[in-house]
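Here are the chains, one letter per residue:
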Amino acid sequence: MVLTDLKKLKLIAIVLTISLVFTSLPGFLWTEKEVMAAETNVSITLPATVKCNEIFNGAVVIDQVDSLNACNYDIVFDSSLLEVLDVTPGNIAEQDIPVGNWQDMEPGRIRIIQDLPGVESVSGSGTLVNLTIRAKGLAGTTASISLENGTLSNANADEISASWTGASTTII
């Protein structure tokens, strides 16, 4: 079967039209904000090793958040190995992230509540809180910190999807 030039042009036009439809579907089916929200990660940063009785710094960091207005989460750890001495505000895109409240819920569990004033929001990557921690365990032990019951929300109180990851340090 031999295609005439007109039939070839029609076939090319159909293929280009189909290609155009499929390349525009992602913007039609989901927005960039939804894609960014799926990539949000909240994690703990700690030094790889610390000395017994050493006071050291850690942080709760956030990557790729879009329109963050408030968050709350628990920091969970073995209180026989670590002691959280202080929790201070973090910073995302040059915007301070105030700590509205942090309190010991029980030994080894601290609840943190953060809220930007009014209906402000911030996007980007940075630090939610800075932690001052004392290592109490014996040399050779590994101390882990996890994040539990975490919720991020925007100014409309809509939840922002995120993964939450803990960390560990070895006491030397």
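In case you missed it, the structure is sitting above this.
Note that residues are indexed from 1 along each chain, following the sequence as it is written. Reporting in this predicted model follows two pLDDT cut-offs: at least 70 for local features of residues, and 80 or more for side-chain atom pairs to be given and counted; totals over whole chains, interfaces and linings ignore these cut-offs and use all residues. Water and hydrogen atoms were dropped before computing side-chain values, which therefore reflect all heavy atoms in the structure.

(A) Representation of the pattern of salt bridges in the model. Within this document, salt bridges are pairs made up of a side-chain nitrogen of Lys or Arg and a carboxyl oxygen of Asp or Glu, the two lying within 4 Å of each other. All told, the structure shown has 5 salt bridges when counted by the stated rule. Across the pair E83 and R134 runs a salt bridge, and its minimum N-O distance is 2.9 Å. Of this pair, E83 sits in strand β5 (residues 82–92) while R134 sits in strand β9 (residues 122–135), and the two are 51 residues apart along the sequence. With its nearest N and O atoms 3.7 Å apart, the salt bridge here joins E106 to R109. Burial classification: accessible surface area is computed with a 1.4 Å probe over protein chains only, and a residue below 20% of its type maximum counts as buried, one above 50% as exposed, and the rest as partly exposed. A residue is classified by how much of its surface remains accessible, and E106, at 45% relative accessible area, is partly exposed. Through salt bridges with shared partners, a single network forms among D74, E106, R109, R111 and E148. Helix numbering and strand numbering both begin at the N terminus, where a helix is a DSSP run of H or I of at least 4 residues and a strand a DSSP run of E of at least 2.

(B) The pairing of β9, seen in detail. Strand pairing is defined by DSSP finding a minimum of two bridges between the two strands. Bridging between strand β3 (residues 55–68) and β9 involves 10 bridges; their strand directions are antiparallel. Paired with A59 across the strands is N130, a residue of β9. In this sheet, β9 lies alongside β5 in antiparallel orientation, the contact comprising 9 bridges. Note that in β9 the partner of L82 across the bridge is A135.

(C) A look at the side chain of S43. By secondary structure assignment, the location of S43 is in strand β1 (residues 41–45). Any two residues having at least one pair of non-hydrogen atoms within 4.5 Å are treated as being in contact. For S43, the contacting residues outside a window of four places in its chain are A59, V60, V61, L147 and T165.

(D) A look at the packing of aromatic side chains. Between the rings of Phe, Tyr and Trp (Trp by its six-membered ring), a pair exists once the centres lie within 6.5 Å; its type follows the angle of the planes, with under 30 degrees stacked, over 60 edge-to-face, and the other angles tilted. Scanning all chains against the criterion turns up 1 aromatic pair. An angle of 40° between the planes, with centres 5.8 Å apart, marks the rings of Y73 and W164 as tilted. Separated by 91 residues along the polypeptide, Y73 in strand β4 (residues 70–77) and W164 in strand β12 (residues 163–165) bring together distant segments of the chain.

(E) Expanded view of the environment of L81. Looking at the secondary structure, you find L81 in the loop between β4 and β5. On the basis of relative accessible area, L81 is assigned to the buried category, the value being 14%. Each C-alpha atom of the pair L81 and T141 lies 8.1 Å from the other, and the pair is 60 residues apart in sequence. Not counting the four nearest positions on each side in its chain, L81 is found in contact with R134, A135, K136, G137, T141, T142, A143 and I171.

(F) Focus on the sheet that holds β5. Strand order in the open sheet made by the 6 strands is β6-β5-β9-β3-β1-β12, with mixed pairing throughout. Strand pairing shows two members of the sheet lacking a second neighbour, β6 (95–97) and β12, which therefore form its edges. Neighbour to neighbour, the strand axes of the sheet diverge by 15° on average, direction disregarded. The angle between two axes is taken between their N-to-C directions and runs from 0 to 180 degrees, where each axis is a line fitted to C-alpha atoms and a helix contributes only its stretch in contact.

(G) Representation of the side chain of D74 in the model. Along the chain, D74 turns up in strand β4. Looking at D74, the relative accessible area reads 0%, which means it is buried. Throughout this description, a polar contact denotes any pair of N or O atoms lying within 3.5 Å of each other; where both atoms belong to protein, one of them has to be capable of donating a hydrogen while the other can accept it, and for residues adjacent in sequence the pair is counted only when both atoms sit in side chains. A distance of 2.6 Å separates a polar atom in the side chain of D74 from a polar atom in the side chain of R111. Beyond its immediate sequence surroundings of up to four residues, D74 is in contact with R109, I110, R111, S146, L147, E148 and N149.

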